[in-house]
Protein chains: 2
Amino acid sequence: MTVVSTAPPAGTLAPLSALSPTPRSTIRRGAGRARTDRSELYAVLDEGSICHLGVVVDGAPVVLPTVYGRVDDTLYLHGSTGARSLRGAAAGEPISVTVTLVDGVVHARSVFHFSMNYRCAVVHGVARPVTDPDERLLGLRAIVEQVAPGAWDHARSPNRKELAATAVLALDLTESSLKVRSGPPGDDEDDVRDRPGVWAGVVPVHTVAGEPQPCPTVPSGVPLPAHLH
Amino acid sequence: MTVVSTAPPAGTLAPLSALSPTPRSTIRRGAGRARTDRSELYAVLDEGSICHLGVVVDGAPVVLPTVYGRVDDTLYLHGSTGARSLRGAAAGEPISVTVTLVDGVVHARSVFHFSMNYRCAVVHGVARPVTDPDERLLGLRAIVEQVAPGAWDHARSPNRKELAATAVLALDLTESSLKVRSGPPGDDEDDVRDRPGVWAGVVPVHTVAGEPQPCPTVPSGVPLPAHLH
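For every chain, the first residue of the written sequence is number 1, and numbering continues from 1 along that sequence. Chains and ligands are labelled sequentially in the order written, the chains with letters from A and the ligands with numbers from 1. Local features in this predicted model are restricted to residues whose pLDDT is 70 or higher, and side-chain atom pairs enter the listing and the counts only when it is 80 or higher, whereas totals over whole chains, interfaces and linings include all residues. Side-chain figures throughout are based on the complete set of non-hydrogen atoms in the structure, without hydrogens or water.

Naming follows an unreviewed UniProt entry, where chain A appears as Flavin-nucleotide-binding protein of Nakamurella multipartita.

Asker: Explain the relation of the copies chain A and chain B to me, please; I cannot follow it from the model alone.
Answerer: Two chain copies, one operation linking them: a rotation about an axis together with a shift along it. A least-squares fit on C-alpha atoms brings the copies together, and the residues used are those whose pLDDT is at least 70 in both copies. Once chain A has been moved 0.0 Å along the axis and rotated by 180°, it coincides with chain B to within an RMSD of 0.0 Å. Such a combination of rotation and displacement between the chain copies is what one expects of a two-fold axis. The rotation axis passes nearest to the C-alpha of Thr207(A) in chain A, at a distance of 2.3 Å. Looking at the interface residues of chain A, 100% of them are also at the interface in chain B, so both copies use one shared face. Whether two residues touch is decided by their heavy atoms; if any such pair falls within 4.5 Å, the residues are in contact.

Asker: Help me out: how do you make sense of the packing of aromatic side chains in this one?
Answerer: Side-chain rings of Phe, Tyr and Trp (the six-membered ring for Trp) are treated as a pair once their centres are within 6.5 Å; stacked means planes under 30 degrees apart, edge-to-face means over 60, and tilted covers the remaining angles. As enumerated under the stated definition, the model contains zero aromatic pairs over all chains in all. Only when the NZ of Lys or the CZ of Arg is both within 6 Å of the ring centre and within 35 degrees of the ring normal is a charge said to sit over the ring. When the ring centre of Tyr42(A) is taken as reference, the NZ or CZ atom of Arg70(A) above it lies at 3.8 Å.

Asker: How should I be thinking about the pairing of strand S3 (residues 60-71) of chain B in this particular structure?
Answerer: On any regular strand, side chains alternate: one points to one face of the sheet, the next to the other face. Residue and element names in this part refer to chain B. Within S3, nine of the 12 residues are buried, which leaves the element mostly enclosed by the surrounding structure. We treat two strands as partners when DSSP finds at least two bridges between them. Secondary structure elements follow DSSP: runs of H or I of four or more residues count as helices, runs of E of two or more count as strands, with numbering from the N terminus. Sheet topology note: the strand S2 (residues 50-57)/S3 ladder contains eight bridges and is antiparallel. Pairing of Val56 across the sheet is with Pro61, part of S3. What sits between the antiparallel neighbours S2 and S3 is a turn of two residues, in which Asp58 has the positive phi angle 50°. In this structure, S3 lies alongside strand S4 (residues 74-80), joined through four bridges in antiparallel fashion. Note that in S4 the partner of Gly69 across the bridge is Tyr76. Where S3 folds back on S4, the antiparallel hairpin that results is connected by two residues, among which Asp72 adopts a positive phi of roughly 55°. A simple rule labels every residue: compare its accessible area, found with a 1.4 Å probe on the protein chains alone, to the largest value its type can have, and call it buried under 20%, exposed over 50%, or partly exposed in between.

Asker: Where do I start with the interface of chain A and chain B in this structure?
Answerer: Interfaces are frequently sized by the accessible area removed from exposure as the parts join. Contact residues are listed per partner, giving 88 residues for chain A and 88 residues for chain B. Accessible surface is computed with a 1.4 Å probe, and the buried area is the amount of it that two parts give up when combined, taken over both parts together. Summed over both sides, the interface between chain A and chain B buries roughly 6,900 Å², with carbon and sulfur atoms accounting for 68% of that surface. Any carboxyl oxygen of Asp or Glu within 4 Å of a side-chain nitrogen of Lys or Arg constitutes a salt bridge here. Where chain A touches chain B, the interface holds four salt bridges. Asp188(A) is the partner of Arg156(B) in a salt bridge, and the nearest nitrogen-oxygen pair spans 3.8 Å. Contacts described as polar in this section are N or O atom pairs within 3.5 Å, which, within protein, must combine one atom able to donate a hydrogen with one able to accept it, while residues neighboring in sequence count only if both atoms come from side chains. Seen at the junction of chain A and chain B, the total is 25 residue pairs in polar contact (both at pLDDT 80 or more). Across the side of chain A that touches chain B, the residue classes tally to 54 nonpolar, 23 polar and 11 charged. Pairing analysis gives two bridges linking strand S10 (residues 201-209) of chain A to strand S11 (residues 213-214) of chain B, with the strands arranged antiparallel. When the sheet's bridge partners are listed, Gly201(A) is paired in S11(B) with Pro214(B). Polarity classes work like this: nonpolar for Ala, Val, Leu, Ile, Met, Phe, Trp, Tyr, Cys and Pro, charged for Asp, Glu, Lys and Arg, and polar for all others, with Gly in that last group.

Asker: Would you take a moment to explain helix H1 (residues 38-47) of chain A for this structure?
Answerer: One full turn of an α-helix is made of 3.6 residues, so residues set three or four places apart face in the same direction. Most of H1(A) is tucked away: seven of the 10 residues are buried. Those residues of H1(A) not exposed but buried are Arg38(A), Ser39(A), Glu40(A), Leu41(A), Tyr42(A), Val44(A) and Leu45(A).

Asker: Just to check I follow, could you spell out the pattern of salt bridges for this structure?
Answerer: A side chain of one charge can pair with a side chain of the opposite charge if their charged atoms are brought near each other. Summed over the entire model, instances satisfying the criterion amount to 26 salt bridges over all chains. A salt bridge links Asp103(B) to Arg119(B); the shortest N-O distance between them is 2.8 Å. Residue Asp103(B) is located in strand S5 (residues 94-107), and its partner Arg119(B) is located in strand S6 (residues 115-126); the two are separated by 16 residues in the primary sequence. For Asp103(B), a relative accessible area of 25% gives the class partly exposed. The shortest N-O distance in the salt bridge between Arg156(B) and Glu162(B) comes to 2.9 Å. Given a relative accessible area of 18%, Arg156(B) falls into the buried group. Given the relative accessible area of 5%, Glu162(B) is considered buried. Linked through salt bridges whose partners overlap, the residues forming this network are Arg156(A), Glu162(A), Asp188(B) and Asp191(B).

Asker: Could you clarify how one ought to interpret the confidence of the model for chain A in this entry?
Answerer: The predicted coordinates of low-pLDDT regions are not to be read in fine detail. Within a predicted model, pLDDT stands for the predictor's per-residue confidence, ranging from 0 to 100. Here chain A shows a mean pLDDT of 90. Residues at 70 or above account for 93%. Here residues 1-13 of chain A is modelled with pLDDT under 50, and outside its nearest four sequence neighbours on either side it reaches 18 contacts, counting other chains as well.

And the structure:
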């Protein structure tokens, strides 16, 4: 039931601090699935492509998918300066960011023990609007590189007008939790004994990239760039 | 930029009502990506495997992944009766459910126009705790069949003790929105003209099932059931 521990990222000199649960980031249900290794948190965040950003609007939760990027212990988000979901966040209202990787469907002998294998990172906090021009570019670069590694240097950099239309927010990873379910079903012993002819196990789920589809306006003969091979 | 419209589900007799935006479910950013066809909403919900449930705890958003199932215009959720995230929802606090399908990474000529192709359904509302025994089974069946079609009849049904430990919630799909981005990058005309040698396009993202991995306690020779072929 244990996933392979992820080695710290290359270049890390000091040991990473463990995830220290606050009341809000303490995993209550399935506490045995909680992980406290910060490098595992980083690995999940680095493998994901989108997060789900939670904000509160008029007392109700609003959850929207968006892209993100990580630099050390900071998660960067961006959006239109006019986006309602970012306005509250930029004004200091509490937000949360959840990144979920689905690893498999767990087929049990009983429907009660059906489950998913997954890795889920949850970050709570108050975002900091990024105003420093260099940090804004750093954050935007991390966001683009998260979903398209190698793309930042290939494409045209943002101009002044585009930057003015873009809000960049930073969220500290201090208050984070990581929950992981892996391995076979957790069937009751009675079911394992009494239902020997019933198949149970895990159907893995993978996310794969398909064949790149060029934009119709790209002239024929333009090669696929190296970072997309 | 248009996705193929999905035919209404088989057996649908009356035309489905369109999605009627409320102030809360009105898509403000990228309004051109809003869809109002309820059958498209159903198709996205039916294709997904997990949703992100948003609740408000002590004034802050909490967003957690969970499984769900749909029956007509009702979304079912379940969880432990002790789960904090479900307690508030069961008590009538507003919740939201977001289902996001990632279809591709959009590589543009400028980093500003990098994007994701996706389909995202968002449901707002107040959940109804399901107490009727038949509806509870209907909801739980929909949840299991959502991630493991055919599994409900294969596995042992929940017993009285398991049912007593399980909360089932129903969320009406009345206040829903659907946002879709598809197609090639939306580059500026200047970039298309001035950067003819730069590749741009879409890298599709697919979710695929891997080879089923039997639980170590399943005796060798037990065949994979038909619904997993």
